[in-house]
Amino acid sequence: MNKKILVTGGLGFIGSHTVVALQEKGFDVVIIDNLSNSSLEVLGGIAQITKISPEFEKIDLREKGAVNAFFDKYQGIDGIIHFAASKAVGESVQNPLLYYENNLNTLIYLLQHLKQKETANFIFSSSCTVYGQADELPITESAPVKKAESPYGNTKQIGEEIIADTCKVTSQLNAISLRYFNPIGAHPSAHIGELPIGTPQNLAPFITQTAVGKREKLSVFGNDYPTPDGTCIRDYIHVMDLARAHVVAMERLLDKEQTNNYEVFNLGTGEGNSVLEAIQAFEKVSGKKLPYEITERREGDITAAYADTTKANEVLKWKAEYNIEDALKSAWKWQQKLEEEEKKG
Ligand code: WQD
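About the criteria used
- Residues numbered from 1 in each chain as written.
- Predicted model: local features only at pLDDT ≥ 70, side-chain atom pairs only at ≥ 80, totals over all residues.
- Heavy atoms only, no water.
- Helix = DSSP H or I, 4+ residues; strand = E, 2+ residues; numbered from the N terminus.
- Buried < 20%, exposed > 50% of the residue type's maximum accessible area, 1.4 Å probe, protein only.
- Contact = heavy atoms within 4.5 Å.
- Pairing = 2+ DSSP bridges.
- Axes fitted to C-alpha atoms, helices over the stretch in contact; angles between N-to-C directions.
- Parallel < 35°, antiparallel > 145°, perpendicular 65-115°, else oblique.
- Left-handed = near helix turned anticlockwise from the far one by under 90°.
- Nonpolar A, V, L, I, M, F, W, Y, C, P; charged D, E, K, R; others polar.
- Salt bridge = Lys/Arg side-chain N within 4 Å of Asp/Glu carboxyl O.
- Core = buried A, V, L, I, M, F, W, Y, C linked by side-chain atoms within 4.5 Å.

Draft legend 1. Representation of the environment of Glu251 within the structure. By secondary structure assignment, the location of Glu251 is in helix H8 (residues 239-254). Since its relative accessible area comes to 21%, Glu251 is described here as partly exposed. A sequence separation of 20 residues divides Glu251 from Thr231, and the C-alpha atoms of the two residues are 38 Å apart. Contact partners of Glu251, with chain neighbours within four places excluded, come to Lys25 and Phe27.

Draft legend 2. Structural detail: the sheet that holds strand E4 (residues 79-82). The 7 strands are arranged E3-E2-E1-E4-E5-E6-E11 in an open sheet whose pairing can be described as parallel. Each edge of the open sheet carries a strand with a single partner, namely strand E3 (55-58) and strand E11 (262-267). In this sheet, adjacent strand axes meet at a mean angle of 20 degrees when their direction is disregarded. Strand direction decides the pairing type here: E4 and strand E5 (residues 120-127), joined by 3 bridges, are parallel. Note that in E5 the partner of Ile81 across the bridge is Ile123.

Draft legend 3. Structural view of the packing of helix H9 (residues 275-286) against helix H11 (residues 324-344). Where H9 meets H11, the axes come as close as 9 Å, and the angle between the chain directions of the two elements is 60 degrees. By the angle between their directions, the pair H9 and H11 is classed as oblique. Judged by the twist between their axes, the crossing of H9 over H11 is right-handed. Judged by residue contacts, Ala278, Ala281, Phe282, Lys284, Val285 and Ser286 of H9 engage Ile324, Glu325, Leu328, Lys329 and Trp332 from H11. Partitioned by chemical class, the residues of the contact of H9 with H11 number 7 nonpolar, 1 polar and 3 charged.

Draft legend 4. View of the pairing of strand E8 (residues 218-221). Because side chains alternate across E8, one face comprises the buried residues Leu218 and Val220, and the other comprises Ser219 and Phe221, none of which is buried. Examined bridge by bridge, E8 and strand E13 (residues 292-295) share 4 bridges and lie parallel to one another. Bridge assignment links Phe221 to a residue of E13, and that residue is Thr295.

Draft legend 5. Expanded view of the pattern of salt bridges. Here the structure, examined in full by the defined rule, presents 19 salt bridges. Here Glu341 and Lys337 are joined by a salt bridge, their closest N and O atoms 3.4 Å apart. Note that Glu341 and Lys337 are positioned in helix H11 at a spacing of 4 residues, about one turn of the helix. By relative accessible area, Glu341 is classed as partly exposed at 37%.

Draft legend 6. How the structure looks around the nonpolar core. Residues Ile5, Leu22, Ile46, Ile123, Leu178, Leu267 and Trp318 are the most contacted members of the largest nonpolar core, which totals 39 residues. Every element with two or more residues in this core is listed here: strand E1 (4-8), helix H1 (13-24), strand E2 (28-33), helix H2 (41-50), strand E6 (173-180), H8, E11 and helix H10 (310-316). The element best represented in this core is H8, accounting for 9 residues. Apart from the residues within four sequence positions on either side, Leu22 is in contact with Ile5, Val7, Phe27, Val29, Ile81 and Val247. Among the nonpolar cores identified, the runner-up in size contains 28 residues, and Leu104, Tyr109, Ile162 and Ala164 belong to it.

Draft legend 7. The environment of Glu321, seen in detail. Looking at the secondary structure, you find Glu321 in the loop between H10 and H11. Using a relative accessible area of 59% as the deciding quantity, one classes Glu321 as exposed. Separated by 84 residues in the primary sequence, Glu321 and Ile237 have C-alpha atoms spaced 9.4 Å apart. Those residues in contact with Glu321, other than ones at most four positions away along the chain, are Asp241, Arg244 and Asp326.

None of this, on its own, says anything about what the molecule does.
Shown next as structure tokens:
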């Protein structure tokens, strides 16, 4: 009998790639998604890759009754990977209550359900945002969590605290928080990728949309930072590496390999690349010259962040296998696929 995993936000960018990785490892998957930032077409994309269409329930996790009804219907859930959340930094500043309600109430409802189970396995989608501008680079999991720069980042910090506090008094709850650095790229088949809804806030989709002609040029938000070329440095990790890490982490929980029932892991490549280096990498893999201009800094941006991945390498036995060029190449293939489909209408 296959283990069954609930993936909330499973039609989203990282969620959909994780569903594929879970299915390919023999797990049965049920997805909850409210389609607020995704599309049902992603379900077809997943099935095109794995030939298995995951079970899907359109539920808004803010509706506690709907959450309880789901668990009445699906009794045999062996683990939960919780991606469902609002994730736009800028939007969170404009609409904090949406972020606190959507990112925290939903987490609490899931944990309240898990507390009643004999054993529960829970993976939380967190972010390197919790570190703010770390004092030391590369960033380890013991780096201090700094005051969040946005309500979005705050919901990740508070979310981790809620899980840690619950695990302290709930020995049957086994949990892991995964702190992503900068997820980019797409599945090599180009059947799934980062669905661009509206104007992209993040660098990679803005680069590929500029290259395909949807955007006139990329704005590089500042080149006066204290870095070698003046632009910000980030740890860009291929979404395929990220997806695989979620499967490895869930297997750790299911196999009861934890020494402590709450653990935190950084997920990055361990390499830092500047914005200009990312542009150069893209131009190399795409053969396209990318039009860009240097503009003002973006409010809230930190200068540099890249991961110390020793803990994930040694404890999860997981290491990123792709580099930034691989990731940008897959992102470009996905963007070209989107463009073709748009032209077909
Ligand atoms: C990367 C770099 C920008 C766009 C955020 C969240 C993080 C996670 C990933 C959700 C920065 C520069 C960007 C552009 C640019 N989100 N940039 N022009 O801000 O590091 O992380 O997204 O989980 O939690 O904080 O990612 O891709 O927005 O920016 O120059 O048009 O690219 O200034 O230096 P960020 P990003």
